[in-house]
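Summary of structural features
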Amino acid sequence: MLEYDDVRSGSLEPLGDVPDDKFVVLGLITTKKPALESLDLLRRRVSEAQRYIPRERLGLSPQCGFASSIIGNRISAAEQRKKLELLVTAVQALW
């Protein structure tokens, strides 16, 4: 499970070093901010990951939990739900 939700995360190039018997879950949907990622952005990032790992060995998830610190993140329950709905939509569209 790898966090790739912002530029700080860097390139997906290290995926080229993942052994062939491993499954990788890409944390592309941030839980830190309420703004929704576009389906196009998620499509591009998954496509980029596929240069290194076949789609059959890739998964998609939020980058972390919605309360990844003691005080949590400033994201409402409704915004969290929208993020999870985006996740389902993206997986249905991309897989």
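Above this text is the structure in question.
This section reports on the structure supplied with the text. (Residues numbered from 1 in each chain as written. Predicted model: local features only at pLDDT ≥ 70, side-chain atom pairs only at ≥ 80, totals over all residues. Heavy atoms only, no water.)

**Describing the overall build of the protein chain**
Here is the rule: The numbering of helices and of strands both runs from the N terminus, where a helix is a DSSP run of H or I of at least 4 residues and a strand a run of E of at least 2. Note on method: radius of gyration uses C-alpha positions; expected globular size equals 2.2 Å times residues raised to 0.38. Contacts were defined at the residue level, with two residues in contact if any of their heavy atoms lie within 4.5 Å. Note on areas: these come from Shrake-Rupley sampling with a 1.4 Å probe, and a residue is covered only by the protein chains present in the view. When charges are counted, neither His nor the chain ends are considered; positive counts come from Lys and Arg and negative counts from Asp and Glu. A charged residue contributes its charge at one atom only: NZ of Lys, CZ of Arg, CG of Asp or CD of Glu.
Helix and strand content of the protein chain: two helices and three strands. Beginning at the N terminus, the succession of helices and strands in the protein chain can be written as β-β-α-β-α. Against the compact-globule benchmark of 12 Å for 95 residues, the protein chain has a radius of gyration of 13 Å, which places it among compact chains. By its C-alpha atoms, the protein chain is 40 × 30 × 20 Å across when sized along the principal axes. By sequence separation, contacts in the protein chain at least 24 residues apart represent 73% of the contacts at least 6 residues apart. Total accessible area on the protein chain is roughly 6000 Å²; 55% of this is exposed by carbon and sulfur atoms. Across the protein chain, the mean location of the 14 positive side-chain charges is 5 Å away from that of the 13 negative side-chain charges.

**Describing helix H1 (residues 39-49)**
Put simply, the test is: Here's how the labels work: a residue is buried when its accessible area is under 20% of the maximum for its type, exposed when over 50%, partly exposed in between, all with a 1.4 Å probe on protein chains only. Directions from the helix axis toward the C-beta atoms define the arc.
Within H1, the full set of buried residues consists of Leu42, Arg45, Val46, Glu48 and Ala49. All buried residues of H1 lie within an arc of 160° about the axis, which places them on one face of the element. Buried-residue contacts for H1 involve strand E2 (24-29), strand E3 (58-62) and helix H2 (77-94).

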